[in-house]
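Residues per chain, in single letters:
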Amino acid sequence: MTSDWLKKWNTKFGQTEYAYGTRPNNYLKEKLQTLPTGSILFGAEGEGRNAVYAAQQGWDVSAFDISEAGHQKALKLADKNKVSIDYLLGELPDLGYREEQFDAIALIYAHFPPHIRSGYHKLLHSYLKKGGTIIFEGFGKDHLEYKKNNPNVGGPGNLESLFSIKELQSDFPDYEILELKKTTVELNEGDGHVGTGSVIRFLGRKK
């Protein structure tokens, strides 16, 4: 990844406050409650709010990100909540995860750079056990209009970094689709996600 991309996230996560708050994403929280606990991997986990929540619910939590600032704040949040998360720092192909290692994978606003995104999705697919679950929420292509009207809602400012249902179907073809839809949501996640946004939600079970 470029140094500019890394600098962006270290700057965002280098502030005292948690950019997206310390409470879990609502969609993640809702779906985790429907699954038996097991091993779960969080991609692009940033400051750790979702990983820490899952650990509090009894999951065996792994996570990764490229931001050292995010990593430090995630471990601090885990310590504050008296849970443990296995949080690795670096680029996904270098982290040593194994095929069919996890019962679930969570991608919550994991907007990887467009040129590596499909490759990362395919790697993550390989790390999921058969019968395992993907929980996904990310900004959709329609989100640019919402961001234009309200920059505080956050999210990427370029179309190619946003998601479509078709792209997710292409990247994750071998799934029983439990939910796959475009919807609008009211976000209140720290100062980074505030207001109405357009998202894609995907819940899938690996065949």
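Residues numbered from 1 in each chain as written. Predicted model: local features only at pLDDT ≥ 70, side-chain atom pairs only at ≥ 80, totals over all residues. Heavy atoms only, no water.

A. Inspection of the environment of Glu99 at higher detail. Its place among the elements puts Glu99 in the loop between strand S3 (86-89) and strand S4 (102-108). Take Glu99: its relative accessible area is 66%, and that puts it in the exposed class. Along the sequence, Glu99 and Lys129 sit 30 residues apart, while their C-alpha atoms lie 7.6 Å from each other. When residues no more than four places from it in sequence are discounted, the contact partners of Glu99 are Ser126 and Tyr127. (Helix = DSSP H or I, 4+ residues; strand = E, 2+ residues; numbered from the N terminus. Buried < 20%, exposed > 50% of the residue type's maximum accessible area, 1.4 Å probe, protein only. Contact = heavy atoms within 4.5 Å.)

B. Spotlight on the sheet that holds S4. What the seven strands build is an open sheet, ordered S3-S2-S1-S4-S5-S7-S6; its pairing is mixed. In this open sheet, the two edge strands, each paired with only one partner strand, are S3 and strand S6 (175-189). Averaged over neighbouring strand pairs, the angle between their axes works out to 15 degrees when direction is ignored. Inspection of the sheet shows strand S2 (residues 60-65) paired to S3 by four bridges, in the parallel sense. Opposite Asp65, over in S3, you have Leu89 as the bridge partner. (Pairing = 2+ DSSP bridges. Axes fitted to C-alpha atoms, helices over the stretch in contact; angles between N-to-C directions.)

C. Quick peek at the packing of aromatic side chains. Applying the stated criterion across every chain yields a total of 11 aromatic pairs. The interplanar angle of 50 degrees and the centroid separation of 6.2 Å between the aromatic rings of Phe64 and Tyr97 together place this pair among those described as tilted. Within this pair, whereas Phe64 is found in strand S2, its partner Tyr97 is found in the loop between S3 and S4, the two being separated by 33 residues in sequence. Residue classification places Phe64 among the buried residues on the basis of a relative accessible area of 2%. (Phe/Tyr/Trp six-rings, centres within 6.5 Å; stacked < 30°, edge-to-face > 60°.)

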